[in-house]
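Chain by chain, the residues run as shown.
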Amino acid sequence: MRKGSEDSPASASGINPSVKKAERPPLLKKSKTSISDGTHFPGPLFPAVRHISASTPSTPLRPPFSDLRVSVGNGDASPAHNSGRSISDSSFSGRDWVYPSFLGPHVAGNRVTVKGRRGSGGNNKVAEEKKGTGSVSSKSVKVKEEKLKIEKEVKTAASQVLATQRSSAAQSDSRSSRRLRHALVFYFLIFIYISSVSYSLHLQSKVGQLEEEIINLRTTCSSNGDFGGNSIEVLQHEDYSSFYFQNADSRTIALYTVIFTLIMPFVFYKYLDYLPQIKTLSKRTKNKKEEVPLKKRIAYTVDVFFSVYPYAKLLALLFATIFLIAFGGLALYAVSDGSFSEALWLSWTFVADSGNHADRVGTGPRIVSVSISSGGMLIFAMMLGLVSDAISEKVDSLRKGKSEVIEKNHILILGWSDKLGSLLKQLAIANKSVGGGVVVVLAERDKEEMEMDIAKLEFDFMGTSVICRSGSPLILADLKKVSVSKARAIIVLASDENADQSDARALRVVLSLTGVKEGLKGHVVVEMSDLDNEPLVKLVGGELIETVVAHDVIGRLMIQCALQPGLAQIWEDILGFENAEFYIKRWPQLDGVRFEDVLISFPDAIPCGVKVAADGGKIILNPDDNYVLNEGDEILVIAEDDDTYAPGPLPKVRGGSCPKLIDPPKYPEKILFCGWRRDIDDMIMVLEAFLAPGSELWMFNEVPEKEREKKLTDGGLDISGLENIKLVHREGNAVIRRHLESLPLETFDSILILADESLEDSVVHSDSRSLATLLLIRDIQSKRLPYRDTKSTSLRPSVFSHSSWIREMQQASDKSIIISEILDSRTRNLVSVSRISDYVLSNELVSMALAMVAEDKQINRVLEELFAEEGNEMCIKPAEFYLFDQEELCFYEIMIRGRQRNEIVIGYRLAYTDRAIINPPEKSNPKKWSLDDVFVVISLCE
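Values in this document were obtained by computation on a predicted structure and should not be read as measured data.

Some remarks on the sheet that holds strand 12 (residues 634–639)
Neighbouring strands of a sheet are bound in pairs by backbone hydrogen bonds; such pairs are parallel or else antiparallel.
Then step 1. What the 4 strands build is an open sheet, ordered 9-12-10-11; its pairing is antiparallel. Only two strands of the sheet have a single neighbouring strand rather than two, namely strand 9 (581–585) and strand 11 (618–621). Averaged over all neighbouring strand pairs, the angle between strand axes comes to 30 degrees, with direction disregarded.
Then step 2. Sheet topology places strand 10 (residues 605–612) next to strand 11; 4 bridges connect them, and they run antiparallel. Within the sheet, the bridge partner assigned to Gly609 lies in strand 11 and is Leu621.

Some remarks on the confidence of the model for the chain
Then step 1. Of all residues in the chain, 72% have pLDDT values of 70 or greater, and the mean over the chain is 76.
Then step 2. The low-confidence segment residues 284–289, where pLDDT is below 50, has 2 contacts with residues more than four positions distant or belonging to other chains.

Overview of the UniProt feature "transmembrane region" (unreviewed entry) in the chain
Then step 1. Mapped onto this numbering, the UniProt entry annotates "transmembrane region" (unreviewed entry) at residues 184–201, 253–272 and 314–335.
Then step 2. As a span, residues 314–335 carries 100% helix and 0% strand, and end to end its C-alpha atoms are 32 Å apart.

Comments concerning the sheet that holds strand 21 (residues 904–909)
Then step 1. Taken together, the 4 strands give an open sheet; going across it, the order is 19-24-21-22, and neighbouring strands pair in antiparallel fashion. Strands at the two margins of the open sheet, each flanked by one partner only, are strand 19 (872–878) and strand 22 (917–918).
Then step 2. Where strand 19 and strand 24 (residues 934–940) come together, 7 bridges link them in antiparallel fashion. Bridge pairing in strand 24 places Asn872 opposite Leu940.

A word on unusual backbone geometry
Then step 1. Even without being glycine, Tyr912 reaches a positive phi, approximately 60 degrees.
Then step 2. In this fold, Tyr912 is placed in the loop between strand 21 and strand 22.
Then step 3. For Tyr912, a relative accessible area of 67% puts it in the exposed group.

Points about the packing of aromatic side chains
Then step 1. Taken as a whole and assessed by the stated rule, the structure comprises 16 aromatic pairs.
Then step 2. Relative to Tyr645, the ring of Phe602 lies with its centre 5.9 Å away and its plane at 55 degrees, an arrangement referred to as tilted. Residue Phe602 is located in the loop between helix 21 (595–598) and strand 10, and its partner Tyr645 is located in the loop between strand 12 and strand 13 (670–674); the two are separated by 43 residues in the primary sequence. In this structure, Phe602 and Tyr645 share a single accessibility class: buried.
Then step 3. Considering the side-chain rings of Phe891 and Tyr908, the 6.0 Å spacing of their centres and the 50 degrees angle between planes classify their relative orientation as tilted. Here Tyr908 lies in strand 21 and Phe891 lies in helix 30 (residues 891–899), a separation of 17 residues in the sequence.
Then step 4. Taken together, the ring pairs in this structure connect Phe881, Tyr882, Phe891, Tyr908, Trp929 and Phe935 into an aromatic cluster.

What about the side chain of Asp633?
Then step 1. Relative to the helices and strands, Asp633 resides in the loop between strand 11 and strand 12.
Then step 2. Comment: no salt bridge for buried Asp633; closest opposite-charge side chain is Arg586, at 6.6 Å.
Then step 3. A polar contact of 2.9 Å, which involves the side chain of Asp633, links it to the side chain of Tyr627.
Then step 4. Aside from chain neighbours lying at most four places away, what touches Asp633 is Arg586, Val610, Lys611, Val612, Ala613, Ala614, Tyr627 and Val628.

Remarks on the pattern of salt bridges
Then step 1. In this structure the tally under the stated criterion is 29 salt bridges.
Then step 2. With a closest N to O distance of 3.7 Å, Lys425 and Glu578 form a salt bridge. Note that Lys425 is positioned in helix 14 (residues 420–430) and Glu578 in the loop between helix 20 (567–575) and strand 9, a separation of 153 residues in sequence.
Then step 3. With a shortest N-O distance of 3.8 Å, Lys783 and Asp779 are connected by a salt bridge. A residue pair is termed a helical-turn pair when its members lie 3 or 4 positions apart in one helix, as Lys783 and Asp779 do in helix 25 (residues 763–784) at 4 residues.
Then step 4. The structure contains a network of salt bridges with shared partners spanning Arg737, Glu741, Asp779 and Lys783.

Some points on the pairing of strand 8 (residues 545–549)
Then step 1. Of all the 5 residues making up strand 8, 5 are buried; the element is thus mostly covered by neighbouring parts of the structure.
Then step 2. Of the two faces of strand 8, both are covered, the one formed by Ile545, Thr547 and Val549 as well as the one formed by Glu546 and Val548.
Then step 3. By the bridge criterion, 5 bridges tie strand 7 (residues 523–528) to strand 8 in an arrangement that is parallel. Its bridge partner being in strand 8, Met528 is matched across the sheet by Val549.

A short note on the pairing of strand 10
Then step 1. Most of strand 10 is tucked away: 8 of the 8 residues are buried.
Then step 2. Across 6 bridges, strand 10 lies against strand 12 in antiparallel orientation. Its bridge partner being in strand 12, Gly609 is matched across the sheet by Leu636.
Then step 3. Hairpin remark: strand 10 followed by strand 11, antiparallel, with 5 residues in the connecting loop; positive phi at Gly616, about 70 degrees.

With respect to the packing of helix 20 against helix 28 (residues 843–855)
Then step 1. Two numbers describe how helix 20 lies on helix 28: the axes approach to 9 Å, and their chain directions differ by 30 degrees. As summarised for this structure, helix 20 and helix 28 are arranged roughly parallel, according to the angle between their axes. Helix-helix and strand crossings are classified by hand; for helix 20 and helix 28 the assignment is left-handed. Along the contact surface, helix 20 presents Glu572, Ile574 and Leu575, while helix 28 presents Leu845, Met848 and Met852.
Then step 2. Class assignment of the residues belonging to the contact of helix 20 with helix 28 gives a composition of 5 nonpolar, no polar and 1 charged.

Considering the side chain of Ser472
Then step 1. If you trace the backbone, Ser472 turns up in the loop between strand 5 (465–470) and helix 16 (476–481).
Then step 2. Its relative accessible area of 12% is what places Ser472 among the buried residues.
Then step 3. In contact with Ser472, not counting residues within four places along its chain, are Leu442, Glu444 and Asp478.

Here's the deal with the nonpolar core
Then step 1. Ile413, Phe582, Ile906 and Phe935 are the most contacted members of the largest nonpolar core, which totals 125 residues.
Then step 2. Leave out the neighbours within four places in its chain, and Phe582 touches Ile574, Cys608, Leu636, Val637, Ile638, Met852, Ile859, Val862 and Leu866.
Then step 3. In terms of nonpolar packing, the next biggest core, distinct from the first, is built from 23 residues, Val405, Val440, Met528 and Val537 among them.

Concerning helix 28
Then step 1. Here helix 28 spans 19 Å end to end across 13 residues, near enough to the 18 Å set by a 1.5 Å rise per residue.
Then step 2. Most of helix 28 is tucked away: 12 of the 13 residues are buried.
Then step 3. Taken residue by residue, helix 28 has Asn843, Glu844, Leu845, Val846, Ser847, Met848, Ala849, Leu850, Ala851, Met852, Val853 and Ala854 as its buried positions.

Some points on helix 30
Then step 1. The buried fraction of helix 30 amounts to 8 of the 9 residues, a majority that puts the element mostly inside the structure.
Then step 2. What helix 30 keeps buried is the set Phe891, Tyr892, Glu893, Ile894, Met895, Arg897, Gly898 and Arg899.
Then step 3. Packing partners of the buried residues in helix 30 comprise helix 21, strand 10, strand 20 (888–889), strand 21 and strand 24.

Definitions and limits used
Residues numbered from 1 in each chain as written. Predicted model: local features only at pLDDT ≥ 70, side-chain atom pairs only at ≥ 80, totals over all residues. Heavy atoms only, no water. Pairing = 2+ DSSP bridges. Helix = DSSP H or I, 4+ residues; strand = E, 2+ residues; numbered from the N terminus. Axes fitted to C-alpha atoms, helices over the stretch in contact; angles between N-to-C directions. pLDDT = per-residue confidence, 0-100. Contact = heavy atoms within 4.5 Å. UniProt positions renumbered as here; feature names shortened; annotations may be inferred. Buried < 20%, exposed > 50% of the residue type's maximum accessible area, 1.4 Å probe, protein only. Phe/Tyr/Trp six-rings, centres within 6.5 Å; stacked < 30°, edge-to-face > 60°. Lys, Arg positive; Asp, Glu negative; His and termini not counted. Salt bridge = Lys/Arg side-chain N within 4 Å of Asp/Glu carboxyl O. Polar contact = N/O pair within 3.5 Å; in protein donor to acceptor, adjacent residues only side chain to side chain. Parallel < 35°, antiparallel > 145°, perpendicular 65-115°, else oblique. Left-handed = near helix turned anticlockwise from the far one by under 90°. Nonpolar A, V, L, I, M, F, W, Y, C, P; charged D, E, K, R; others polar. Core = buried A, V, L, I, M, F, W, Y, C linked by side-chain atoms within 4.5 Å. Expected span 1.5 Å × (residues − 1).

Structure (structure tokens):
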């Protein structure tokens with residue numbers, strides 16, 4: 001072989017032109033041929049042959065591509081040859097896989113040489129192929145022979161695999177059938193054993209009866225002495241003995257039944273899993289699927305029964321009691337001399353009272369009676385446990401608030417927040433005139449925790465009952481539990497999450513309320529957190545929904561209070577039920593009366609507007625004097641309560657004219673916003689409507705300036721379209737003194753400390769930040785501006801020359817007016833008492849608004865107009881607009897003078913007093929007025 005490779009250079013280089021031209025095309029064509037006999041082989045028919053490449057330097061170069069097939073030695077067959085070919089691993093390295101040539105051309109690595117154990121046919125064949133001495137026809141014949149050999153081997157291997165599978169399946173079938181036969185034999189032996197024992201006991205009983213009969217016969221014969229003469233008596237005694245045998249047979253059957261009943265449960269429990277196999281064998285099925293054991297199925301069925309049916313435990317206890325009485329009666333009947341009915345009665349007495357078995361005589365009756373008494377004690381203990389569990393579950397359901405509320409015309413509050421305390425307080429005050437009402441709270445909290453938190457309020461509810469229930473407002477079953485369809489008003493509180501999540505939850509609650517089949521009797525008041533989400537909630541809820549946007553209400557009130565000092569206290573008086581509030585009611589006796597006469601027709605109320613029936617119930621605030629009330633119109637008034645006012649006769653009021661003064665012009669103002677609110681763009685729009693041209697709004701927060709402009713633009717604010725105010729941006733932290741000192745704090749007319757958006761999830765942290773900012777600003781101002789008395793010149797240009805109260809608020813001790821937003825009412829009380837801030841606005845105002853809208857949803861239209869930047873608004877005006885100094889007038893006369901300015905005067909505050917008086921009593925009594933007094937009016941926005 002090596003010699004042949006050295007004879008010519010062509011062979012040394014691995015290039016043989018004759019072989020390349022004569023062999024490669026036929027072999028490639030031959031490799032595409034398929035199996036001619038069309039035999040189908042299941043499974044992997046053509047196993048790959050491991051290819052091992054040569055690694056020694058003496059190995060000849062790679063042959064042509066046509067020779068990259070397996071060469072099989074043609075030696076004699078041997079067991080080793082049949083089981084597999086031996087590949088010499090000593091001279092090969094590198095591995096690959098080569099498939100039989102008839103499967104097609106499979107490219108592999110180097111040439112593979114397969115050696116047989118005997119003969120050198122394989123080596124000769126390789127040598128011949130390298131030398132190129134064989135013809136194309138002889139090689140084709142050899143390849144065909146090699147293919148046939150491989151096919152035979154594959155067929156043999158496949159047949160062996162199939163035979164192995166069949167044998168294993170047959171072995172498994174034989175094992176299962178053998179197991180079943182063993183089980184059948186075992187059951188048959190058990191049956192024979194039980195039958196043999198029963199039959200032996202029966203024979204023993206018969207032997208005992210026969211022996212007793214023999215003794216009786218002997219006794220009879222010995223007493224008479226003549227057996228023949230007393231044959232009739234013997235026959236009669238035999239008849240009596242037959243009756244006794246029947247009675248003895250029934251007792252024996254009862255005894256065997258008791259024994260069988262006691263044994264069989266243990267046998268069934270032991271061999272319960274074999275029953276499905278017997279059933280499968282009887283049906284002769286070959287289902288090989290894995291089945292659940294019968295024990296597990298029975299346990300699962302019992303578990304489902306006890307879980308689904310609420311009275312399953314009671315039924316099981318009843319069945320156990322009946323079974324014990326019947327089984328015990330049967331056992332007593334088997335071991336005693338009484339009748340079966342008497343045995344049942346004794347069994348019942350043993351179950352009911354375990355001490356009744358003390359007078360039993362005999363071993364058998366005593367054993368049975370003790371067993372029955374033990375079972376009775378167990379059943380009694382189970383009964384006590386069931387009764388105790390039932391009582392505990394009922395008490396727990398009451399304690400956890402799972403029972404149904406049977407109420408109507410109540411107010412339902414869905415959710416829990418920090419506003420709940422002030423909301424309950426306002427609702428209790430509102431229901432005081434009717435002796436109290438019912439308020440139901442449904443929240444996802446424990447009932448005991450809710451009741452403890454409400455008790456901590458330390459507020460007298462004045463006859464109003466507060467009922468707490470634990471549940472979710474998103475579940476219809478929980479809503480029905482609190483009689484949602486019978487409530488006269490439903491309040492949905494915002495959650496303590498961020499604004500978007502809170503509004504999304506409120507939307508889901510509204511969807512749940514619309515899904516109540518019985519319908520809703522009352523309206524729904526929804527507290528929203530973001531003004532942009534309000535239209536979606538109204539779209540889903542329809543006409544029944546009234547929304548109160550907490551952030552928007554607080555923001556507008558802060559701006560109004562910053563521009564008009566003292567307005568916060570007035571809003572607290574009007575929104576709360578403790579003083580005067582809004583009411584709407586129809587008075588038929590006033591139909592056809594002009595509004596200027598209606599204005600002075602109520603001694604205990606002040607009319608503010610009219611609800612026009614002809615215009616779809618639209619409410620008109622501050623209508624024209626010449627408007628005439630039509631049929632169906634209702635009157636909006638400010639009164640102490642809904643039952644404390646009524647129209648009276650028209651008072652005699654002398655006319656008069658007020659001083660000819662006009663409102664002073666507006667001056668530019670400089671306002672500072674500390675913090676960032678999510679609705680700050682809406683606050684800027686309100687300021688744009690209220691402030692004079694040339695005003696400045698400084699925004700101091702941690703939001704970057706570029707991000708601020710993007711947020712304002714996304715909120716719908718056109719920064720370039722602002723005409724009256726100029727935005728000045730400063731970046732910094734409001735709780736760091738160094739950052740605050742960089743601001744000209746002494747030059748601002750008003751400073752608004754906002755609850756920052758980043759802390760809106762935590763009320764405590766937000767209030768702590770606002771309080772720290774307030775203290776720092778006050779300290780910086782006190783050091784920059786020395787103390788002066790209150791009569792010194794104010795930083796704000798004086799609008800009114802005589803109003804000492806407004807002048808005092810404007811001066812604010814030579815400091816800017818600071819409006820603080822405090823969310824927690826407890827913190828608000830702390831700040832108010834310490835007098836470190838001029839005005840404090842908190843969520844308590846939102847609670848007041850919610851309570852007012854819950855009592856009458858029409859009031860929401862009034863509040864929306866008064867809070868808006870257009871339309872009518874609440875204002876504070878000096879006394880010099882309506883009277884002269886020390887002029888003596890009654891309040892009706894001042895109201896008439898106010899109508900000359902198209903205003904409705906609703907109250908006043910005397911000079912150097914603490915609070916304003918809304919809806920004053922004794923309006924017809926004259927009194928002297930000073931120019932230092934101020935009046936609260938409803939007027940059209942300028």
